Number of protein chains: 2
Amino acid sequence: MSEYILPIARLIECFRRLPGVGAKSAARMAFGVLDMSEAEAEEFCRAIMSVKRDVRLCSVCFDISDTDVCAICSNPNRDPHTICVVEDTRTLSALERAEEYNGLYHVLGGAISPMNGITPDKLHIKELVTRLSDGTVTEVIIATSPNIEGETTAVYLSKLIRPLGVKVTRLAYGVPVGADLEFADSETLARALEGRREF
Amino acid sequence: MSEYILPIARLIECFRRLPGVGAKSAARMAFGVLDMSEAEAEEFCRAIMSVKRDVRLCSVCFDISDTDVCAICSNPNRDPHTICVVEDTRTLSALERAEEYNGLYHVLGGAISPMNGITPDKLHIKELVTRLSDGTVTEVIIATSPNIEGETTAVYLSKLIRPLGVKVTRLAYGVPVGADLEFADSETLARALEGRREF
């Protein structure tokens, strides 16, 4: 039996399902909710449901968006000749924070990992190839994570895209190997973009 | 402007209001919500609102409860002759985890801190005195925190309760079990020496 009364125990359980949350911080947060006003708790719930209901994927780049085409894809000041391919939204956000890149993005939705059932057809690779078909894009920068799945994905993509006559580059090593891209600091990401090499 | 789209940014803001949550973990949790199923998100919201709506204070000890009288106060196997006075529910839970105490509790709802406007009348002290009036309770164990506010509260309570003919004790000060002596602070070591026991 839990040491807490049922409503608290249930909320702790919900918090524990979130990434990176252990028993102690889940309990601390549940008591934080208890200390909220009812209005704040309602706002919290509205924010949770809004994330589930209003967030969709951009129909062009597959980044999360609250509009059909995301703010980056619909921004006329972004360079339409370059696409940076990332695994997920958080990597995209990390690159945006580096303020070094002004092209477009393409979010794969993961990295190739046959062990976990993630084959190329599970990712938005087909749609990337379609985006390259009209000749506007002259360079694809591959910014997958520097781990086995990311490397596999990078090699797969470069083999797929080079025959289309598009230059394929990737982030320079400068990103610490084995780390998760989303946690890289802005300076490291900026250097990695600046020193990108051709595949 | 936030680097995230509005629904995510709003949810991050809500998570950041919780105790001990910084920007990075708030973002990680918001993306965790994004990865939840809609059913899980709804369950999360129900759990939040349930904590706000179903949790009240026990009418006897003022611990949080989902019933009028909490499970400890209504448990006939708990010793009704001893009351352990704590500042809050989390301290009560910590003591329950220690599985050493089988009496009742009284939750003050904080500690005396005139600087923060917490005077004795803001705490459930009057109700504690009422509980002592019928002579059932023979010992009150004061388990307030070992800091200035907790000490002030302990001294205040002992002066109030002793004249009622009830034995007043407090938790022993000493070195925490399992800790390295070299890291113990001087104040703790002084108290541990002062309260030494014969082998």
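Because the structure is a prediction, the values reported are computed rather than measured.

Thresholds, definitions, all that
Position numbers for residues count from 1 along each chain, tracking the sequence in the order it is written. Chain letters start at A and ligand numbers start at 1, both assigned in the order the entries are written. Local features in this predicted model are restricted to residues of pLDDT 70 or higher, and side-chain atom pairs are both shown and tallied only at a pLDDT of 80 or more, whereas totals for entire chains, interfaces and linings draw on every residue. Neither water nor hydrogens contribute to the side-chain values; these are computed over all heavy atoms in the structure. Each helix corresponds to a stretch of at least 4 residues labelled H or I by DSSP, and each strand to a stretch of at least 2 residues labelled E; elements are numbered beginning at the N terminus. Throughout, the Shrake-Rupley method with a 1.4 Å probe supplies accessible areas, and for residues the shown protein chains are the sole cover considered. His residues and chain termini do not enter the charge count, which takes Lys and Arg as positive and Asp and Glu as negative. Where a charge lies is defined by one atom per residue type, namely NZ (Lys), CZ (Arg), CG (Asp) and CD (Glu). Note on contacts: a residue pair qualifies if any of its non-hydrogen atoms lie within 4.5 Å across the two residues. Accessible-area loss on putting two parts together, using a 1.4 Å probe and summing over both, is the definition of buried area adopted here. Take a side-chain nitrogen of Lys or Arg and a carboxyl oxygen of Asp or Glu: if they are within 4 Å of each other, that pair is a salt bridge. In protein, a polar contact means a hydrogen-donor-capable atom and an acceptor-capable atom, both N or O and within 3.5 Å, with residues adjacent in sequence counting only if both atoms are side-chain atoms; elsewhere, any N or O pair within 3.5 Å suffices. Three categories are distinguished: nonpolar for Ala, Val, Leu, Ile, Met, Phe, Trp, Tyr, Cys and Pro, charged for Asp, Glu, Lys and Arg, and polar for the others, with Gly belonging to the last. Note that the domain bounds reflect an automated or database-derived domain assignment. In this analysis, strands are considered paired if DSSP registers two or more bridges between them. Whether a crossover is right-handed comes down to one check: with the strands pointing away from the viewer, does the path from the first strand over the helix to the second run clockwise; if it does, it is right-handed. The buried label applies to any residue whose accessible area, calculated with a 1.4 Å probe on protein chains only, is under 20% of its type's maximum; exposed applies above 50%, and partly exposed to all values in between. Where helices are involved, their axes are fitted lines through C-alpha atoms of the stretch in contact, as for all axes, and angles between N-to-C directions lie from 0 to 180°. Any angle from 65 to 115 degrees is called roughly perpendicular, while one under 35 is roughly parallel, one over 145 is roughly antiparallel, and all others are oblique. In this scheme the handedness of a crossing depends on how the near helix is turned from the far one: anticlockwise by less than a right angle means left-handed, clockwise means right-handed. Stacked, tilted and edge-to-face pairs are distinguished by plane angle, under 30 degrees for stacked and over 60 for edge-to-face with tilted covering the rest, among Phe, Tyr and Trp rings (Trp via its six-membered ring) whose centres lie within 6.5 Å. We call a pair of cysteine sulfur atoms a disulfide whenever their separation is within 2.5 Å.

## A few points about the overall build of chain A
- When helices and strands are counted, chain A shows 7 helices and 7 strands.
- Counting from the amino terminus, chain A carries its helices and strands in the arrangement α-α-α-β-β-β-α-β-α-β-α-β-α-β.
- Along the longest, intermediate and shortest principal axes, the C-alpha atoms of chain A span 65 × 35 × 35 Å.
- Only carbon and sulfur atoms are counted for the fraction: they give 52% of the accessible area of chain A, which is about 9,700 Å².
- Measuring between centres, the 22 positive side-chain charges of chain A sit 4 Å from its 29 negative side-chain charges.

## Notes on the interface of chain B and chain A
- Residue-level contacts link 50 residues of chain B with 50 residues of chain A.
- Contact with chain A buries surface across chain B, with R28(B), K52(B) and R90(B) losing the most and accounting together for 13% of the total.
- A salt bridge links E42(B) to R53(A), with the nearest nitrogen and oxygen atoms 3.4 Å apart.
- Where chain B packs against chain A, one counts 12 residue pairs in polar contact (both at pLDDT 80 or more).
- Contributions of two or more residues to the side of chain B that touches chain A are made by α1 (6-16), α2 (23-35), α3 (38-54), β2 (64-65) and α4 (89-98) of chain B.
- Here the side of chain B that touches chain A takes 15 residues from α3(B), the largest share from any one element.
- Each residue belonging to the side of chain B that touches chain A can be placed in one class, and the counts come to 27 nonpolar, 7 polar and 16 charged.

## As for the domain arrangement of chain A
- Assigned domains of chain A: these are domain 1 (6-54) and domain 2 (75-194).
- Each of domain 1 of chain A and domain 2 of chain A has a C-alpha centre, and the two are 34 Å apart.

## Quick word on the pairing of strand β6 (residues 167-170) of chain A
All names here are of chain A.
- Bridge count between strand β5 (residues 139-143) and β6: 4 bridges; the pairing is parallel. Paired with E139 across the bridge in β6 is K167.
- A crossover connection joins β5 to the parallel β6 through helix α6 (residues 148-161); in handedness this β-α-β unit is right-handed.

## Examining the side chain of S50(B)
- Locating S50(B) in the fold gives a position in helix α3.
- Among residues more than four places away in sequence, those in contact with S50(B) are P7(A), R10(A) and V55(B).

## What to know about the pairing of β5(A)
Residue and element names in this part refer to chain A.
- Along β5, 5 of the 5 residues are buried, which leaves the element largely enclosed by surrounding structure.
- Of the two faces of β5, the one lined by E139, I141 and A143 and the one lined by V140 and I142 are each fully buried.
- Sheet analysis places strand β3 (residues 79-86) next to β5, joined by 5 bridges and oriented parallel. Its bridge partner lying in β5, V86 is registered against A143.

## Details of the packing of helix α1 (residues 6-16) of chain A against α3(B)
- Across the interface, α1(A) lies against α3(B) with an axial gap of 9 Å and an inter-helix angle of 150°. As the angle between them shows, α1(A) and α3(B) are arranged roughly antiparallel. Crossing of α1(A) against α3(B): the hand is left-handed. Residue-level contacts link P7(A), I8(A), R10(A), L11(A), C14(A) and F15(A) of α1(A) to E43(B), F44(B), A47(B), I48(B), S50(B), V51(B) and D54(B) of α3(B).
- Classifying every residue of the contact of α1(A) with α3(B) by side-chain character gives 9 nonpolar, 1 polar and 3 charged.

## Some remarks on the packing of aromatic side chains
- The full count for this structure, using the stated rule, is 7 aromatic pairs over all chains.
- Where F15(A) meets F44(B), the ring centres are 5.2 Å apart and the plane angle is 85°; that geometry is what we call edge-to-face. Of this pair, F15(A) sits in helix α1 while F44(B) sits in helix α3, placing the two residues on different chains.
- Of the residues examined, F44(B) reaches a relative accessible area of 0% and is grouped as buried.

## A short note on the state of the cysteines
- Under the counting rule described, the total for this entry stands at 0 disulfides over all chains.
- With no disulfide partner, C70(A) has as its closest neighbouring cysteine sulfur the one in C61(A), 3.7 Å distant.
- Look at C70(A) and you get buried, because its relative accessible area is 4%.
- With no disulfide of its own, C84(B) lies 11 Å from the sulfur of C61(B), the closest cysteine sulfur.

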